[in-house]
Amino acid sequence: MTTSSYDIKDLGLAEEGRKRMEWAEQEMPVLRLIRERFEKERPLAGIRISACLHVTTETGNLMRALAAGGADVVLAASNPLSTQDDVAAALVAYEEIPVYAIKGESNEVYYQHIKAALDHNPQITMDDGADLVSGILKDRKDLIESMIGSTEETTTGVIRLKAMAAEGVLPFPVIAVNDSDTKHMFDNRYGTGQSTLDGVIRATNVLLAGKTFVVAGYGWCSRGIAERAHGLGANVIVTEIDPIKALEAVMDGYRVMPMEQAAPVADFIVTATGNKHVIDSNTFAVVKDGCVIANSGHFNVEINIPALEQIAVAKKQPRRFVDQYVLPDGRQINLLGEGRLINLASAEGHPSAVMDMSFANQALASEYLLKNRDSLGVGVHALPKNLDQEIAALKLRAMGMTIDVLTPEQELYLNSWQEGT
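An account of the accompanying structure is given in this report. None of the values given here were measured: they were computed from a predicted structure. (Residues numbered from 1 in each chain as written. Predicted model: local features only at pLDDT ≥ 70, side-chain atom pairs only at ≥ 80, totals over all residues. Heavy atoms only, no water.)

1. Here we look at the environment of S375
Here is step 1 of the chain: On the secondary structure map, S375 appears in the loop between α15 (352-371) and β15 (379-381).
Here is step 2 of the chain: Taking the C-alpha atoms as reference, S375 lies 9.9 Å from P173; in sequence the two are 202 residues apart. (Helix = DSSP H or I, 4+ residues; strand = E, 2+ residues; numbered from the N terminus.)

So, in structure tokens, the structure goes:
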């Protein structure tokens, strides 16, 4: 059977998407265990959930888990270039989940899809960048009264939501899934690190060994990118605005300098800061000829693309996902994936094994919102530590790992003060 409401590229891709979702699920044992429990307990029965996430094989398995828990789910893309069209088709054809997502959709269509997700009249929204919550505040305030809350996947989204809370305009509780240790310490670092380099290599097929690789920022995502680039033999430079993070990058063995000093020697520059115009006109004025520029932050505003368009005298596309801009002095700048998330624009996103923990957080966050709907106040909340630890324990068990446990004597020692030297 197939739901009658959707907007995807091609329903004929469904079988391929189903196979790839099954492949991904093999690396997602924690989410699979949650789905099996959800099927028995039905904790989300009758709850309308609108999700705005990257439509990948891993997201497909999250949607299956939510539906197994009884939720009435609708999915829209959280980025115009991040959709895997076969997964969108599989969710529609085999899971009867309405999906509004097409890889390469225009900005206009993207926001039409956001509107379709909000037209589902959700009680819980599941965001990757806070576009659904933003849409509710701007255009659909009528939904606020029935909202139980929201969950947020990304650093960028959490920043936006905390700004809403600071201004006093956030009207319901939000669980900052990104703040869970089992999310940002693994998904952001190991997932972003591997998938970003995968996207850069697929888009360019350029050898990284011996090249100078500049990473903008040194948060969890950037740490992973720097680590993986270094592992492939690149000479890594980090740019930062935070002295503590900059010092950490130095202690980790990287050179640290301002972007205007790094750009003239950079063979690659990758941004992952969550901020605007990290690469700006002053960077384009000094950047090395032939430099490859990519973004792994959520929004493409990290690179001032309009400024690049304005100063360029020519634009070519030598490869798929590569826009080559020619500057007046003859220098060439190679922009990957239209400045959008390169790990999803030209690759497949994070490996399933790390998304297993991220989406376990999402599934448990939706259940937590429902169970605590009468006690959670308006604002941005972290998922309780015990749920974070539960996910980590399940992941270890699935990997065949065991760890030590405290003895009664050790517990007593840690909870007392009398015994010293």
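2. Considerations on the sheet that holds strand β4 (residues 124-127)
Here is step 1 of the chain: Pairing within the open sheet is parallel, and its seven strands lie in the order β3-β2-β1-β4-β5-β6-β15. One side of each edge strand has no neighbouring strand; the edge strands of this open sheet are β3 (99-100) and β15.
Here is step 2 of the chain: In this sheet, β4 lies alongside strand β1 (residues 48-53) in parallel orientation, the contact comprising four bridges. The residue bridging C52 from the neighbouring strand is D127, located in β4.
Here is step 3 of the chain: Of the strands in this sheet, β5 (149-152), β6 (173-176) and β15 are in contact with helix α7 (residues 155-167), which crosses β5 at around 140 degrees. (Pairing = 2+ DSSP bridges. Contact = heavy atoms within 4.5 Å. Axes fitted to C-alpha atoms, helices over the stretch in contact; angles between N-to-C directions.)

3. Examining a nonpolar patch on the surface
Here is step 1 of the chain: A cluster of nonpolar side chains, namely L247, V250, M251 and V256, defines an oily patch on the protein surface of about 370 Å² accessible area.
Here is step 2 of the chain: A total of three residues in the nonpolar patch trace back to one element, the largest contributor, which is helix α10 (residues 243-251).
Here is step 3 of the chain: Looking at the element boundaries, V256 is found in strand β9 (residues 255-256).
Here is step 4 of the chain: According to the relative accessible area criterion, V256 is partly exposed, its value standing at 31%. (Patch = residues over 30% accessible without salt bridge, like charges linked within 9 Å, V, L, I, M, F, W, Y side chains within 5 Å. Areas by Shrake-Rupley, 256 points an atom, 1.4 Å probe, with all protein chains shown as cover. Salt bridge = Lys/Arg side-chain N within 4 Å of Asp/Glu carboxyl O. Buried < 20%, exposed > 50% of the residue type's maximum accessible area, 1.4 Å probe, protein only.)

4. Topic: unusual backbone geometry
Here is step 1 of the chain: Phi at E96 is positive, roughly 55 degrees, even though this residue is not glycine.
Here is step 2 of the chain: Here E96 shows up in the loop between α4 (85-95) and β3.
Here is step 3 of the chain: For E96, a relative accessible area of 39% corresponds to the partly exposed category.
Here is step 4 of the chain: Positive phi is not limited to glycine here, since A130 has a value of about 70 degrees.
Here is step 5 of the chain: Relative to the assigned elements, A130 resides in the loop between β4 and α6 (131-139).

5. Quick notes on α7
Here is step 1 of the chain: Helix length check: α7 (13 residues) gives 19 Å between terminal C-alpha atoms against 18 Å at 1.5 Å per residue, within 8%.
Here is step 2 of the chain: Within α7, burial applies to T156, G157, V158, L161 and M164.
Here is step 3 of the chain: Those residues of α7 that are buried lie in contact with α6, β5, β6 and β15.
Here is step 4 of the chain: Taken from the residues just after α7, G168 is the one with a positive phi, measuring 75 degrees. (Expected span 1.5 Å × (residues − 1).)

6. Concerning the packing of aromatic side chains
Here is step 1 of the chain: One pass over the structure, following the stated rule, counts four aromatic pairs.
Here is step 2 of the chain: Consider the rings of F186 and Y190, whose centres lie 6.1 Å apart with planes at 40 degrees: the pair is tilted. Taken together, the residues F186 and Y190, both in helix α8 (residues 181-204) and four residues apart, mark about one turn of the helix.
Here is step 3 of the chain: For F186, a relative accessible area of 30% translates into the label partly exposed.
Here is step 4 of the chain: For Y190, a relative accessible area of 31% puts it in the partly exposed group.
Here is step 5 of the chain: Seen from the ring of Y94, R18 lies directly overhead, with NZ or CZ sitting 5.7 Å from the centre.
Here is step 6 of the chain: For R223, the ring lying beneath its charged end belongs to W220, and the centroid distance is 4.3 Å. (Phe/Tyr/Trp six-rings, centres within 6.5 Å; stacked < 30°, edge-to-face > 60°. Lys NZ or Arg CZ within 6 Å of the ring centre and 35° of its normal.)

7. Quick look at the sheet that holds β9
Here is step 1 of the chain: Taking strand neighbours across the sheet as the criterion, the eight strands line up as β9-β8-β7-β10-β11-β14-β13-β12 in an open arrangement whose pairing is mixed. Across the chains shown, the open sheet's two edge strands, defined by having one partner strand only, are β9 and β12 (314-319).
Here is step 2 of the chain: Where strand β7 (residues 212-216) meets strand β10 (residues 268-271), four bridges bridge the pair, whose relative direction is parallel. Residue V214 lies in a different strand from β10, and its bridge partner there is I269.

8. Observations concerning the pattern of salt bridges
Here is step 1 of the chain: This model, assessed by the stated rule, comprises 25 salt bridges.
Here is step 2 of the chain: Note that R18 is salt-bridged to E22, the shortest N-O span being 2.6 Å. Taken together, the positions of R18 and E22, both in helix α1 (residues 14-25) and four residues apart, correspond to about one turn of that helix.
Here is step 3 of the chain: Across the pair K115 and D119 runs a salt bridge whose closest N-O atoms are separated by 3.1 Å.
Here is step 4 of the chain: Owing to a relative accessible area of 39%, D119 belongs among the partly exposed residues under this scheme.

9. Comments concerning the side chain of S180
Here is step 1 of the chain: Tracing the chain through its elements places S180 in the loop between β6 and α8.
Here is step 2 of the chain: Residues contacting S180, with those up to four places away along its chain left out, are N361, L383 and D388.

10. With respect to the pairing of strand β8 (residues 235-239)
Here is step 1 of the chain: Burial analysis of β8 places four of its five residues in the buried class, which makes it a mostly covered element.
Here is step 2 of the chain: Once the chain exits β7 it traverses helix α9 (residues 220-231) before rejoining the sheet at β8, and the crossover so formed is right-handed.
Here is step 3 of the chain: Bridge count between β8 and β9: two bridges; the pairing is parallel. Directly across from V238, in β9, lies its bridge partner V256.
Here is step 4 of the chain: One crossover worth recording links β8 to the parallel β9 by way of α10, and it is right-handed. (Right-handed = clockwise from strand over helix to strand, strands pointing away.)

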